[in-house]
Amino acid sequence: MQTFNKKHYTLLFIAGIILLAFNLRPAITSVGPIIGIIREDLSISNWSAGFLTSLPLIAFAIISPIAPRIANRTSNEKALLYGLFILLGGILVRSTSSILFLFTGTILIGVGIAIINVILPSLIKSNFPEKIGLMTGVYTTSMSVVAATASGLSVPLTTSLDLGWKWSLASWSILAVLGIVTWIFAMNKAPVEQERELYQPSTTKLMRSPVAWQVTLFMGSQSFLFYVTISWLAEILIAHGFASSSAGWYVAYMQFVSLPATFFTPVIAGKLSDQKPVVAVFGVIGMIGYFMLYLEPGHLGTFIAITLIGIMLGASISLALALLGLRSTNARQAAELSGMAQSFGYTLASIGPILIGLLFDMTNSWKPSILTILVMTVALIIFGLGASRNKFVLDA
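Residues numbered from 1 in each chain as written. Predicted model: local features only at pLDDT ≥ 70, side-chain atom pairs only at ≥ 80, totals over all residues. Heavy atoms only, no water.

Asker: Is there a simple way to explain the packing of helix α14 (residues 259–271) against helix α16 (residues 298–326) in this structure?
Answerer: A packed helix pair is summarised by two numbers, namely the angle formed by the two axes and the spacing between the axes. For the pair α14 and α16, the least separation of the axes is 8 Å and the interaxial angle reads 40°. When the axes of α14 and α16 are compared, the pair comes out oblique. Crossing handedness for the pair α14 and α16: right-handed. For the pair formed by α14 and α16, the contact residues are A261, T262, T265, P266, A269 and G270 on the first element and I311, G314, A315, S318, L319, A322 and L326 on the second. Grouping the constituent residues of the contact of α14 with α16 by class yields eight nonpolar, five polar and no charged. (Axes fitted to C-alpha atoms, helices over the stretch in contact; angles between N-to-C directions. Helix = DSSP H or I, 4+ residues; strand = E, 2+ residues; numbered from the N terminus. Parallel < 35°, antiparallel > 145°, perpendicular 65-115°, else oblique. Left-handed = near helix turned anticlockwise from the far one by under 90°. Contact = heavy atoms within 4.5 Å. Nonpolar A, V, L, I, M, F, W, Y, C, P; charged D, E, K, R; others polar.)

Asker: Please clarify how the packing of aromatic side chains should be interpreted in this entry.
Answerer: What describes a pair of aromatic rings is the distance from one ring centre to the other and the angle between the planes of the rings. What the rule picks out here adds up to 13 aromatic pairs. Residues F291 and Y294 carry aromatic rings whose centres are separated by 6.4 Å and whose planes lie at 15° to one another, so their mutual orientation is stacked. Pair noted here: F291 and Y294 are both in helix α15 (residues 276–294), with a separation of three residues, about one helical turn. Taking the relative accessible area as the measure of exposure, F291 reaches 44% and is therefore partly exposed. In this structure Y294 comes out as partly exposed when scored by relative accessible area, which is 22%. The ring of Y294 carries K367 above its face, with NZ or CZ at 4.3 Å from the centroid. (Phe/Tyr/Trp six-rings, centres within 6.5 Å; stacked < 30°, edge-to-face > 60°. Buried < 20%, exposed > 50% of the residue type's maximum accessible area, 1.4 Å probe, protein only. Lys NZ or Arg CZ within 6 Å of the ring centre and 35° of its normal.)

Asker: Help me out: how do you make sense of the side chain of Q333 in this one?
Answerer: By the secondary structure assignment, Q333 is in helix α17 (residues 331–363). Its relative accessible area of 7% is what places Q333 among the buried residues. There is a polar contact of 2.9 Å between the side chain of Q333 and the backbone nitrogen of T329. Not counting chain neighbours up to four residues away, the residues in contact with Q333 comprise R327, S328, V393 and L394. (Polar contact = N/O pair within 3.5 Å; in protein donor to acceptor, adjacent residues only side chain to side chain.)

Asker: I would appreciate a short explanation of the pattern of salt bridges in the present structure.
Answerer: Two side chains bearing opposite charge may form a pair once their charged atoms approach each other closely. Throughout the structure, instances matching the rule amount to three salt bridges. The salt bridge partner of D41 is K166, with a shortest N-O separation of 3.6 Å. With a gap of 125 residues between them, D41 in helix α3 (residues 35–42) and K166 in helix α9 (residues 164–170) connect regions that are remote in the sequence. (Salt bridge = Lys/Arg side-chain N within 4 Å of Asp/Glu carboxyl O.)

Asker: What should I look at first to understand the environment of A305 in this one?
Answerer: Mapped onto the secondary structure, A305 falls in helix α16. Take A305: its relative accessible area is 0%, and that puts it in the buried class. Placed 19 residues apart in sequence, A305 and G286 show a C-alpha to C-alpha distance of 8.6 Å. Not counting residues within four places of it along the chain, the set of residues in contact with A305 comprises G289, M292 and L293.

Asker: What is the right way to look at unusual backbone geometry in this model?
Answerer: One non-glycine residue, E296, lies in positive phi territory at about 50°. Locating E296 in the fold gives a position in the loop between α15 and α16. Looking at E296, the relative accessible area reads 42%, which means it is partly exposed.

Asker: What should I look at first to understand α3 in this one?
Answerer: For an α-helix the count is 3.6 residues per turn, leaving residues at separations of three or four pointing the same way. Taken together, the buried positions of α3 are occupied by I35, G36, I38, R39 and L42. Projected down its long axis, α3 shows its buried positions confined to an angular sector of 160°, all on one face. Looking one or two places after α3, you find S43, whose phi comes out positive at around 55°. (Arc of directions from axis to C-beta.)

Asker: How do you make sense of the nonpolar core when you look at a structure like this?
Answerer: The tendency in soluble globular proteins is for nonpolar side chains to be buried as a group. Counting residues in each nonpolar core, the largest one holds 114 residues, and the members touching the most others are I17, I38, L120, W183, L225 and F282. Take this core: its biggest share by element is 16 residues, from helix α12 (residues 210–239). Residues contacting F282, with those up to four places away along its chain left out, are F218, M312, A315, S316, L319 and L380. Counting five residues, the second largest nonpolar core, distinct from the first, contains V146, L157, W172 and L175. (Core = buried A, V, L, I, M, F, W, Y, C linked by side-chain atoms within 4.5 Å.)

Asker: I tried to follow the environment of G339 on my own but got confused; where do I start?
Answerer: Mapped onto the secondary structure, G339 falls in helix α17. What makes G339 buried here is its relative accessible area of 4%. Remark: the alpha-carbon pair of G339 and V393, spanning 54 residues in sequence, is separated by 13 Å. Ignoring sequence-local partners within four residues, the contact set of G339 consists of S64, P65 and V118.

Asker: Help me out: how do you make sense of the side chain of S75 in this one?
Answerer: Looking at the secondary structure, you find S75 in the loop between α5 (67–73) and α6 (76–94). For S75, a relative accessible area of 7% corresponds to the buried category. Among the polar contacts made by the side chain of S75, one reaches the main-chain amide nitrogen of K78 at a distance of 3.1 Å.

Asker: Can you help me understand the packing of helix α8 (residues 132–160) against helix α13 (residues 244–256) in this one?
Answerer: Close contact between α8 and α13 brings their axes to 8 Å; oriented N to C, the two are set at 175°. Judged by the inter-axis angle, α8 sits roughly antiparallel to α13. Packed against α8, whose contacting residues are S144, V145, A147, A148, T149, S151, G152, L153, V155 and P156, the element α13 presents S244, S245, G248, W249, V251, A252, Q255 and F256 at the interface. A breakdown of the residues in the contact of α8 with α13 according to their chemical character gives ten nonpolar, eight polar and no charged.

Asker: Would you mind showing me how to read a nonpolar patch on the surface here?
Answerer: Side chains of L161, L163 and W167 sit close together on the surface and give an oily, nonpolar patch of about 360 Å² of accessible area. By secondary structure assignment, the location of W167 is in helix α9. A residue is classified by how much of its surface remains accessible, and W167, at 62% relative accessible area, is exposed. (Patch = residues over 30% accessible without salt bridge, like charges linked within 9 Å, V, L, I, M, F, W, Y side chains within 5 Å. Areas by Shrake-Rupley, 256 points an atom, 1.4 Å probe, with all protein chains shown as cover.)

Everything listed here is a matter of coordinates, which is why it stays silent on function.
Put into structure tokens, the structure is as follows:
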């Protein structure tokens, strides 16, 4: 019976991790397909709309170094629960008629997600040290499934069901409530019992590590590409002649088609000492996809381009998160690296939606924006190759 209970608690704990992952993206990815509706309703400019999608990333950058300290004062499990409560509050505050509350709620959403973002890799390193790749694949795939669903349902919820953008965005609070309830039951059922490590970030040491910086800049590059694509792909496709509903489903399709790469990339990476071949393959695939999008290739060409872009984005996000565990020697170091990578990385990423929106406002064309995305894809490959070396961040 004891063995059964341990297995049961482990499964409950994994279910809790999956519910946490479910909440990591929909509050953000549900905005992109209806950003034009929000912009028109509130009479804001494109760069302001881009700033709205950048706010969570700015919150990620500010809160990420603080999250390990929250875990140190409480525990990983309690810090994750706090993140869920803050996320829920942000979703509810954002869904109002006030521009001030819209932006305030978006900031709170970023704070809640940032805490979960940083602590989850450390939790996996601590409780599943021999299965980092597999568990990273499980939670990143779970995250991507709901992120894609949110993108696809955003327009129908807003228009077809006539909920309007406010209730459409508020509907994702249901997932946050489910996550809170599940995690309250799961958080005290960790699959292993071990001495808790104190999180005392040694930021100075990490900032002197070339590997840590390469992991950080790889995280930033992939985040830049992901959030820019999520925020503006629908608008780009509308400019190419697609209906708004079709553009929204293309954004969803891009995320659904990324799922196999999202799951298998960290599993493969975990079995390799050097992940450079993985980076080279998905990097080239992404460059081809974005270049095809630049050419406005019609329906079939766009379908192929978005397929390739989805594969690259899925592989890069899961590899970036897996590297937080693979390039660290213990859970404490994983938390430190996660805080650094997500702080500096999302600072870079937060520039993306604003920059792309500003470029369009200045040129009235998406081509300069797509060229900028292609340049960042090259940067992704360069930093990814460096981060994939078989070295720990604090190796001499």
